[in-house]
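# Structural description and commentary
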Amino acid sequence: MGLTASVLAIDAGNSKTDVAVVAGDGEVLGTARGGGFRPPVVGVGAAVDALGEVVAEAFARAGVTAADHVSACLANADLPVEEEQLAAALRARGWGTTVEVRNDTFAILRAGVSAPRGVAVVCGAGINCVGMRPDGRTARFPALGRISGDWGGGWGLADEALWWAARAEDGRGGPTELARTLPAHFGLDSMYALIEALHLEHIEHARRHELTPVLFATAGHGDPVAGAIIDRLAEEVVVMATVALTRLDLLDEETPVLLGGSILAARHPQLDDRVRELLTARAPKAVPQVVTARPVLGAALLGLDHERAEGRAHARVRGHFER
């Protein structure tokens, strides 16, 4: 008899996609990796076509053609209507009997907890927060940027640093070393030169994210303006986590708060210490921890949850990705 796949687990982020085919006992039958998943840029059809190539590769390695359940944690599935649209597109491919689409932040949350219970805050290119309880209740935010009340993430931090540095140089703001360190990163000698280069696209817009590590390095050398931006990010992280805990009635229970994404996972001392300090004050029973496990593990565990797999299946798939 051929191998039977219980779960097709998909973690599709903006920069890369991981797929795993998992048996009912938790054995990982096959995996594959592909590029980013960006429906807003290329359209849903083209994005799912590209995803299909990665799924086909994983199925071929597993020796199967379908799974009982598709557990897909996808970037840009920020609203329920987007989850429904993407779920319909995945169902049309016939990859599994049932399909569940969630925002990719849920994969990071589930990867970091032993049961589907907790809150995760992810800060990478953007910032987002989700929470879940075993009874199916969830807490989430639209996470669409400033229009949905968000502040932070790599792009937001870079823009904030530029704002303060520009005002420092032209006299509208107080002094900050950012006015020197930001242009110096690109080999320039002034903020005026950097502003001109960005405006005329002599420096590609996509390279702005390179300024976020410069911000953290400048803060690390004691610059008060850069440090204040880092402190504000810690405030945003804790506000999101505390609101999610409150919505799920978990504020007074010992609950894991997972910190993920490239910025939080870097464990910059000032940011890490401030987040923990604020959490202790506002959510004393929260248990913060940084998640470094691959998010596809979370997608697989969510799939096994859906299939009501035994605990040893969860342990087996976790062992595969954490070894």
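Reference entry: report on the structure contained in this document.

Quick notes on the rules
- Going along each chain's sequence as written, the residues are numbered from 1 onward.
- For this predicted model, a pLDDT threshold of at least 70 governs which residues receive local features, and a threshold of 80 or more governs which side-chain atom pairs are given and counted, while totals over whole chains, interfaces and linings are taken from all residues.
- Side-chain figures throughout are based on the complete set of non-hydrogen atoms in the structure, without hydrogens or water.
- Categorising residues by exposure relies on relative accessible area from a 1.4 Å probe, with only protein chains included: less than 20% of the type maximum marks a residue as buried, more than 50% marks it as exposed, and the intermediate range marks it as partly exposed.
- Here a helix means four or more residues in a row that DSSP labels H or I, a strand means two or more in a row labelled E, and each is numbered from the N terminus.
- Strands were regarded as paired on the criterion that DSSP finds at least two bridges between them.
- Axes here mean lines fitted to C-alpha atoms, for a helix over just the part in contact, with angles spanning 0 to 180 degrees between N-to-C directions.
- Any angle between 65 and 115 degrees counts as roughly perpendicular, while under 35 counts as roughly parallel, over 145 as roughly antiparallel, and the rest as oblique.
- With the far helix as reference, a near helix turned anticlockwise by less than a right angle produces a left-handed crossing, and one turned clockwise produces a right-handed crossing.
- Residue contacts follow a heavy-atom distance rule, with two residues in contact if any of their heavy atoms lie within 4.5 Å.
- Three residue categories are used. Nonpolar comprises Ala, Val, Leu, Ile, Met, Phe, Trp, Tyr, Cys and Pro, charged comprises Asp, Glu, Lys and Arg, and polar comprises the others, including Gly.
- Two aromatic rings from Phe, Tyr or Trp, using only the six-membered ring of Trp, form a pair when their centres are within 6.5 Å; if the ring planes differ by under 30 degrees the pair is stacked, by over 60 it is edge-to-face, and anything between is tilted.
- The criterion for a charge sitting over a ring is simple: Lys NZ or Arg CZ within 6 Å of the ring centre, and within 35 degrees of the ring normal.

Further remarks concern the pairing of strand β9 (residues 255-260). Where burial is concerned, most of β9 is hidden: six out of the six residues are buried. Side chains Thr255, Val257 and Leu259 of β9 all project onto a buried face; the interleaved residues Pro256, Leu258 and Gly260 project onto the opposite face, where all are buried too. Pairing of strand β6 (residues 118-123) with β9 involves four bridges; the strand directions are parallel. Paired with Val119 across the strands is Val257, a residue of β9. Here β9 pairs with strand β10 (residues 286-290) via five bridges, running parallel. What sits directly across from Thr255, in β10, is Ala286.

What follows covers the packing of helix α2 (residues 44-62) against helix α3 (residues 80-91). Viewed as axis vectors pointing N to C, α2 and α3 meet at an angle of 50°, and their least axial separation amounts to 11 Å. Considered as vectors, α2 and α3 are oriented oblique to each other. Seen along the crossing, α2 lies across α3 with a hand that is right-handed. Contacts from Val44, Val48 and Leu51 in α2 reach Gln85, Leu86, Ala89 and Leu90 in α3. Of the residues belonging to the contact of α2 with α3, the class tally is six nonpolar, one polar and no charged.

All right, on to the packing of aromatic side chains then. Applying the stated criterion across every chain yields a total of one aromatic pair. Measuring from centroid to centroid gives 5.1 Å for Trp163 and Trp164, while their planes differ by 80°, and the two rings are edge-to-face. On the basis of relative accessible area, Trp163 is assigned to the partly exposed category, the value being 42%. For Trp164, a relative accessible area of 30% translates into the label partly exposed. Lying over the aromatic face of Phe106, Arg102 brings its terminal NZ or CZ to 5.3 Å of the ring centre. A cation sits over an aromatic face here: Arg247 above Phe141, 4.6 Å from the ring centre.

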